[in-house]
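# Remarks on the overall topology
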Amino acid sequence: MSGLTILVFMLWILKGAPSNMWEIKLPQKIDAISGFCVHIPCQFEIPDSFKPLLSQSAEALWKKTDIEGATVFSSARKTTSLLNGNVIGNILNNNCTTVFHNFPAGFGDTYFFRLQGHENLKYTFKQGVRITVHEDVLPPVLNPHAQVLEVLEGTKLTVSCSTVISCPSVQPLMQWNTQLEELLPPALQDEVGQTLLVSSQMFNATPLNDQFKISCSLLYMQGTKTPAESSITLRVLYAPRNTIALVSPSGVLSEGSVVTLRCQSDANPAVQRYEWYKYNGNGKLELQNQGQTITMTAGVDVQGLYVCKVYNNRGIDQSKAVSVSINGCHCSIAPYIICGFLMLSLILITAVDLVKYKSLLKRLQASENTRGLMTYASLHKTSDSVYNVIQSLF
């Protein structure tokens, strides 16, 4: 292929290849409200050979039911048309956008566009648009689309509310039942050939949002249409919290009475397992029983501090310790009785020994005194005898 041929081919591509297609772009469906207008976005393409025949005087028609159906609107014969409307697009720019005013309730059907110009420029496009007419206002669409939305605690959520604006000249008032955190006010957006009114809320899910109902409503100020509303109920999943253990009856219990321990906790999903622990003598927890409620008979093994642990598939929580106190439990005062008995015995023994010691001491003193007197008398008698002997010698 020569360079000149390639250049001609490239210029042909840049200019655009000839079109031999009849094509139209329409929404697949439109939800209309009776008595309001209907806006139909419309764009068409015709073969290049017919383009010279297209002029401003070309007639735009809409047929009902099928391509051979009855003509319900003609831009050239508006006064005799079944539907009241205008082609607001520029036909010369291949824009066939049409607005029907005060659309009647009984005209829900599929509509096809037909173009009629000079000579052979007469064609009904094969693709149609389905128009459904509603007596009442349609509820807005909430996204995510669910009656109950299940999310984890801490999840950042965006809930949007939207409705198709089939009649741009009549827009509804869009309202939320509450503002959670960040709110994007209603604004118009173009999507797939349709105009949407959209508003969104963004927030972080917390346990306080559990079972909270988020609602979005539409209210048309024109006419007497009843407001429409859509809602989502949040289900926020979170680990157990605010766990408490309760003792019944409270206070000091009599030995042999019945005591009940009950555990309460806030969790979603609900608590799946309850466990009761008791502090042992070393300050460690020992598993005693399972169940939300346990019943015991006050006795030797019951008195002490108890803790409740709760579990679900999101986590674990534990209550503060609660005390079970028993009055008259022999096991608890036995050490004191034994100790008192030993102390009393020691005191008695000491007292007896002291009495014995004092008695012995008195006897010893008495014995010493008696022995002293006897020695003095003996000495006195002896001295007298010796004196008498000495006197006789002289």
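Just so it is clear, the model here is predicted, and its values are computed rather than measured. (Residues numbered from 1 in each chain as written. Predicted model: local features only at pLDDT ≥ 70, side-chain atom pairs only at ≥ 80, totals over all residues. Heavy atoms only, no water.)

## Let's talk about the sheet that holds strand β3 (residues 38–40)
With antiparallel pairing, three strands are arranged side by side in an open sheet as β3-β8-β7. If you trace the sheet from one side to the other, it starts and ends with β3 and β7 (85–87), each paired once. Neighbour to neighbour, the strand axes of the sheet diverge by 10° on average, direction disregarded. Of the pairings in the sheet, the one linking β7 to strand β8 (residues 98–100) comprises three bridges and is antiparallel in character. The residue of β8 that forms the bridge with Gly85 is Phe100. (Pairing = 2+ DSSP bridges. Helix = DSSP H or I, 4+ residues; strand = E, 2+ residues; numbered from the N terminus. Axes fitted to C-alpha atoms, helices over the stretch in contact; angles between N-to-C directions.)

## What to know about the confidence of the model for the protein chain
On average, residues of the protein chain score 84 in pLDDT, and 82% of them are at 70 or above. Element-level mean pLDDT values for the protein chain span from 41 in helix α1 (residues 3–15) up to 97 in strand β26 (residues 315–318). Taken as a whole, residues 4–16 scores under 50 in pLDDT and shows three contacts with residues more than four places along the chain or in a different chain. In this model, residues 329–336 is a region of pLDDT below 50 whose contacts with residues beyond four sequence positions or in other chains number six contacts. (pLDDT = per-residue confidence, 0-100. Contact = heavy atoms within 4.5 Å.)

## Let's talk about the pattern of salt bridges
Using the criterion set out here, one finds seven salt bridges in the structure. Between Arg235 and Glu150 there is a salt bridge, and its shortest N-O distance comes to 2.4 Å. With Arg235 in strand β19 (residues 228–248) and Glu150 in strand β13 (residues 148–152), the pair connects residues that are 85 residues apart, well separated along the chain. Classification of Arg235 as partly exposed rests on a relative accessible area of 26%. In this structure, the salt-bridge partner of Arg273 is Glu275, at a minimum N-O distance of 2.9 Å. Within the structure, one salt-bridge network assembled from shared partners comprises Lys64, Asp109 and Arg130. (Salt bridge = Lys/Arg side-chain N within 4 Å of Asp/Glu carboxyl O. Buried < 20%, exposed > 50% of the residue type's maximum accessible area, 1.4 Å probe, protein only.)

## Here's the deal with the pairing of strand β27 (residues 322–327)
Alternating positions in β27 separate cleanly, Val322, Val324 and Ile326 being buried on one face and Ser323, Ser325 and Asn327 remaining unburied on the opposite face. Here strand β20 (residues 252–254) runs beside β27; their pairing, made up of three bridges, is parallel. Across the sheet, residue Ser254 finds its bridge partner in β27, namely Asn327. Bridging between strand β25 (residues 304–312) and β27 involves three bridges; their strand directions are antiparallel.

## Side note on the packing of aromatic side chains
This model, assessed by the stated rule, comprises 13 aromatic pairs. Relative to Phe125, the ring of Phe44 lies with its centre 6.1 Å away and its plane at 45°, an arrangement referred to as tilted. Taken as a pair, Phe44 in strand β4 (residues 43–45) and Phe125 in the loop between β10 (122–124) and β11 (129–134) lie far apart in primary sequence, 81 residues in all. Phe125 carries the same exposure label as Phe44, and that label is buried. Between Trp62 and Phe100, the ring centres sit 6.3 Å apart and the planes meet at 75°, which makes this aromatic pair edge-to-face. Residue Trp62 is located in strand β5 (residues 59–64), and its partner Phe100 is located in strand β8; the two are separated by 38 residues in the primary sequence. These aromatic residues form a ring-pair network of at least three members: Trp22, Phe44, Phe50, Trp62, Phe73, Phe100, Phe103, Tyr111, Phe113, Tyr123 and Phe125. (Phe/Tyr/Trp six-rings, centres within 6.5 Å; stacked < 30°, edge-to-face > 60°.)

## A word on the side chain of Ser166
Note on placement: Ser166 falls in the loop between β14 (156–164) and β15 (173–176). The contact partners of Ser166, leaving out residues within four places of it in the chain, are Ile30, Asp31, Ala32, Ile33, Cys37, Val38 and His39.

## Quick word on the side chain of Ser199
Within the element layout of this structure, Ser199 appears in strand β17 (residues 194–204). What makes Ser199 buried here is its relative accessible area of 2%. Of note is the side chain of Ser199, whose polar atom sits 3.0 Å from the side chain of Trp176. Sequence-distant contacts of Ser199, defined by excluding residues within four places in its chain, comprise Val159, Ser160, Cys161, Met174, Trp176, Leu183, Leu184, Pro185 and Pro186. (Polar contact = N/O pair within 3.5 Å; in protein donor to acceptor, adjacent residues only side chain to side chain.)

## What about the state of the cysteines?
Disulfide: a covalent bond connecting the sulfur atoms of a pair of cysteines. Tallying each qualifying case throughout the model produces four disulfides. At a sulfur-sulfur separation of 2.0 Å, the disulfide partner of Cys161 is Cys216. Its S-S torsion of approximately -80° makes the covalent link between Cys161 and Cys216 left-handed. A residue pair is termed long-range when its members are at least 10 positions apart, and Cys161 in strand β14 and Cys216 in strand β18 (residues 213–219) qualify at 55 residues. Here Cys216 falls in the buried class, since its relative accessible area comes to 0%. Here Cys263 is linked by a disulfide to Cys308, with a sulfur-sulfur distance of 2.0 Å. With the S-S dihedral at roughly -95°, the linkage between Cys263 and Cys308 falls on the left-handed side. Here the residue Cys263 occupies a position in strand β21 (residues 258–268), and Cys308 occupies one in strand β25, the gap between them amounting to 45 residues. (Disulfide = S-S within 2.5 Å.)

## Comments concerning the sheet that holds strand β12 (residues 141–143)
Judged by pairing direction, the sheet is antiparallel, and its four strands sit side by side in the order β12-β14-β17-β16 without closing on themselves. Each having just a single partner strand, β12 and β16 (182–191) make up the two edges of the open sheet. Sheet twist, expressed as the average angle between the axes of neighbouring strands with direction ignored, equals 20°. Here β12 pairs with β14 via three bridges, running antiparallel. Its bridge partner lying in β14, Asn143 is registered against Ser160.

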